[in-house]
Amino acid sequence: MQKKLVVLFFIVLLAFAYLIIRIASINRDKGEAYKKQVLAQQSYDSMTLPYKRGSIEDKNGTVLAYSEKVYNLIVDAKLMSIDDGVHIEPTLNVLQKAFGELNIDEVRTYVDMNQGASYKKFLRQLEQSRIENYNVMIDQIISENSIKRDELRKEGKNEEADAIVDPAKNGVWFEEEYRRTYPYNTLACDVIGFVQTGNEGQYGLEEYYNDTLNGTNGRSYGYLNADGTLTRTVKEAEDGYTLVTSLDTNIQAIAEKHIKEFAEDNRNAYRTGPAADNVGVIIMDPNTGEILAMAGYPVFNLNDPQNMEGVDLTQYAGLLSTEDLAKALGLTDIRESLSDNGIAGVSDNELSEVSINGIPLSAVSANKAELLELVTNESLSENGIIKNAVWKNFCISDTFEPGSTMKPFTVAGAIDDAKITGNETYVCNGALDVGQHTIHCHNRFGDGPLTVQQGIAKSCNVVLMNVAFAMGKSEWLRYNRNFGFGSFTGIDLAGESSGASNTFNERMGQTDLAVASFGQGFNVSMIQMAAGFSALINGGKYYKPHLVTRVVNNEGAIVREYDPKEVKQIISEDVSDIIREDCNTVVMSDPEECTGWTARPAGYTMGGKTGTAEKLPRAAKNYVISFVGYVPADDPQVLCYVVIDHPNHPDQSNSTRLATLLCRDIMTEVLPYLNIFPTMELTEKERAELTDAQASFFIGSDAVSQNSAMVVVSDNSVSDNATEGGSDAGAEYTPNVIQYDPGTGYPIDPNTGELLDPNTLQPVDQNVKSDLEY
């Protein structure tokens, strides 16, 4: 018995010895390969599960932005190189067949040089169908190889069977990722914004709601339990929330269509270049603050925002410094080269005879104006400042002097503060002396006695200056601030400007007050004006402008809901009724008695206000023209605000018709879509226009005149005492008799004696300073 135990002991001992020797042999011969497999298993058993960024929808459920699952091609050189690298070429052959755009030589070099690496991304954002095609292809090859090996072994051809090598299936894998997609490409690009690498929103809703749209990544963990079994734990990704907005895709498309037509029709109309420096349109519900459409021009493709093809970049070149322009043209390198070669002192005449890429070397010493003549789209296409100018939203980011659209605000404040009743009459002689300055009306010959309402209808500066004087600067400032000018509206878009640095304060003088009454000397943004004007006509309630109405999860459940937010009551409902009646006369009066009649869509009642503002520098005589209108006139349901910055027109100060007609074209399509139907009988002309979808509206030099007036001279020694407002209707008035210069036949300004252009009624002498220069 004892002998048997000894024998058994030696047998067990020999077995252990054999196992130790075998393990040592395996570790020596194949240990590295097994080590790679174990490490590879660890890598794949713990991986990030990406979340899906939330979508952006319009009010009708139309998807404007969404994320779709795509795949990145990852090469694992460690696994591809097992078995002394015999699987490399078979794997590369399959990759080449499945992904023709892949640089196989680059992959081969990477694998050869990095056999210990497990992760290298070679292709990005591949569609699922291509991944499925690759998997089918590689599985088919492995299956065919297995069949061939079995057949050869049956025939005793083991060496040939062993020579058939499978591709390393685990040497290539596909990492999940989401790609942001914008199905309508350029539609609402300024509002939506886009997404950069890492799911970081840039501009618009994408940036403002970045944290809401983004979710939280999940993770898949793999580990061996006590039994040695691979166990997997998955923490699912939490997808981002979806935004439901007040935008209406159809209204947005209508606005953008007509803006594009305007841009194409007026390009190079008077000067070489675009139809305007900027064009903006806001369409909103004045009773809720909801934005239905917000559009600008030019547009860019949200799916490829870096691509500036089709955008006229030269119009933004003025934003660059002289040095940046030189860099864009490559002149900085040329300067350094000239300096290094000791020829910096060569004359411009000599340098002008030599050019590089069509740019004369003499340009190395050119000033900014000269460099602006040389820049091209190609030279500016990679400039970050230029791209940002294209991407930003003019409707919220830029500020400008509003011009006559401010006049109803001045009247509203004066009536609400009981400084005037609104029934006063003032006499317009074409100009008003304020301090040491003469401030003209757009009609330099004067309109005679005008009621406040007529002053708004005819856009008379003299009437408005008198109203502001009756009001006083403190009250004017208070109402101006209450309407939100100089403050953020809080609209839910990234990049809003308050314009606070370009507004009046308590240091404003009497002359400042005069020009402020008709919208000169201070800046506003489009969204400030649209929100404020809505309060003027909706009963005096200021609503916070907004786009997002609901936030929902991926199951459609409402997470947050944003109801219209009434911020404050600025003016009384009675005063709002008066202002609405005043603004109705701007559009609904006889064409000889108003400035906005061309804005009215056929068959509809409409109110609104035109605006023409002289830009800085005043000597350049450039203007911003605008029109804000609402329909129906007595019960506003939709508001449309159009701004055209620096129109391409020979007489900018009299080009307001461009804005009114653009508004009319847009509203003619929008109103029926909103089930707002005509209430007025159509003329034969209007019927013809409505039946012809391609009808073009006349835009000529006889465009309705607006205030282009003129002054901002500070006189801070003037007190803030308000003056009594308004003379009675029986005040003495002697109409100005137009005098003509006998030599030229030109009319003479009755207030200054300057010769006036018979077409524009502006001073012939281009050196005459603007009333607004100080």
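Details of the structure are given in the entry above.
Residues numbered from 1 in each chain as written. Predicted model: local features only at pLDDT ≥ 70, side-chain atom pairs only at ≥ 80, totals over all residues. Heavy atoms only, no water.

J.: Give a detailed account of the sheet that holds strand β25 (residues 607-614), specifying residues and quantitative values.
T.: Spatially, β12-β11-β27-β26-β25 is the arrangement adopted by the 5 strands of the open sheet, whose pairing is antiparallel. The open sheet has two edge strands, β12 (291-297) and β25, and neither has a second partner. Within this sheet the neighbouring strands show an average axis-to-axis angle of 5°, counted without direction. Judged from the 8 bridges that link them, β25 and strand β26 (residues 623-631) form a sheet pairing that is antiparallel. Each residue of the ladder has a partner; that of Gly607, found in β26, is Tyr630. (Pairing = 2+ DSSP bridges. Helix = DSSP H or I, 4+ residues; strand = E, 2+ residues; numbered from the N terminus. Axes fitted to C-alpha atoms, helices over the stretch in contact; angles between N-to-C directions.)

J.: Lay out the nonpolar core with the relevant residues and their values.
T.: Membership of the largest hydrophobic core comes to 144 residues, with the highest contact counts inside it found for Ile283, Met294, Phe533 and Ile644. Dropping the residues within four chain positions of it, Ile644 is found in contact with Phe262, Ala276, Asn278, Val279, Tyr623, Val624, Ile625, Leu658, Ala659 and Leu662. With 26 residues, the next largest nonpolar core counts Val94, Leu95, Tyr134 and Ala168 among its residues. (Core = buried A, V, L, I, M, F, W, Y, C linked by side-chain atoms within 4.5 Å. Buried < 20%, exposed > 50% of the residue type's maximum accessible area, 1.4 Å probe, protein only. Contact = heavy atoms within 4.5 Å.)

J.: Describe the packing of aromatic side chains, naming the residues involved and giving the relevant values.
T.: The tally for this structure, following the rule as stated, stands at 18 aromatic pairs. When the centroid spacing of 6.1 Å and the interplanar angle of 50° are considered together, the rings of Phe99 and Phe174 count as tilted. Of this pair, Phe99 sits in the loop between α3 (88-98) and α4 (104-113) while Phe174 sits in strand β5 (residues 172-181); the two residues are 75 residues apart in sequence, bridging distant segments of the chain. Each member of the pair, Phe99 as well as Phe174, is classed as buried. The ring centre of Phe122 lies 5.8 Å from the NZ or CZ of Lys120, which sits over that ring. Here the basic side chain of Lys568 rests over the ring of Tyr542, its NZ or CZ set 5.7 Å away from the ring centre. (Phe/Tyr/Trp six-rings, centres within 6.5 Å; stacked < 30°, edge-to-face > 60°. Lys NZ or Arg CZ within 6 Å of the ring centre and 35° of its normal.)

J.: A description of the environment of Asn103 should follow, citing residues and the corresponding values.
T.: The topology assignment puts Asn103 in the loop between α3 and α4. Overall, Asn103 belongs to the partly exposed group, its relative accessible area being 41%. For Asn103 and Phe122, which are 19 residues apart along the polypeptide, the C-alpha to C-alpha distance reads 8.6 Å. A distance of 3.2 Å separates a polar atom in the side chain of Asn103 from the backbone nitrogen of Asp105. A distance of 3.1 Å separates a polar side-chain atom of Asn103 from the backbone nitrogen of Glu106. (Polar contact = N/O pair within 3.5 Å; in protein donor to acceptor, adjacent residues only side chain to side chain.)

J.: Could you give me a rundown of the side chain of Thr212, with the residues and numbers involved?
T.: The residue Thr212 is located in helix α9 (residues 210-213) in this model. Taking relative accessible area as the criterion, Thr212 reaches 15% and is therefore assigned buried. A polar atom in the side chain of Thr212 sits 3.4 Å from the side chain of Arg560.

J.: Explain unusual backbone geometry to me, using residue names and the numbers behind them.
T.: Of the consecutive residues Leu616 and Pro617, the connecting peptide bond is found in the cis state with omega at -10°. Looking at where Pro617 falls in the secondary structure, it is placed in the loop between β25 and β26. Here the amide bond leading from Val631 into Pro632 is cis, since omega sits at -15°, within 30 degrees of zero. Assignment of secondary structure puts Pro632 in the loop between β26 and β27 (638-645). For Tyr203, which is not glycine, the phi dihedral falls at a positive 70°. Even without being a glycine, Ala418 presents a positive backbone phi close to 65°. Looking at the secondary structure, you find Ala418 in the loop between α18 (407-416) and β16 (425-428).

J.: So what's going on with the pairing of strand β3 (residues 63-75)? Residues and values would help.
T.: With 2 bridges connecting them, strand β2 (residues 56-57) and β3 associate as antiparallel partners. When the bridges of β3 are listed, Glu57 appears paired with Val63. With antiparallel pairing between neighbouring strands as the criterion, β2 and β3 make up a hairpin whose turn holds 5 residues, including Gly61 at a positive phi of roughly 90°. Bridge analysis of β3 against β5 gives 10 bridges, and the strand direction is antiparallel. Bridge pairing in β5 places Tyr66 opposite Thr181. Pairing analysis gives 3 bridges linking β3 to strand β4 (residues 121-126), with the strands arranged antiparallel. Of the residues in β4, the one forming a bridge with Tyr71 is Leu126.

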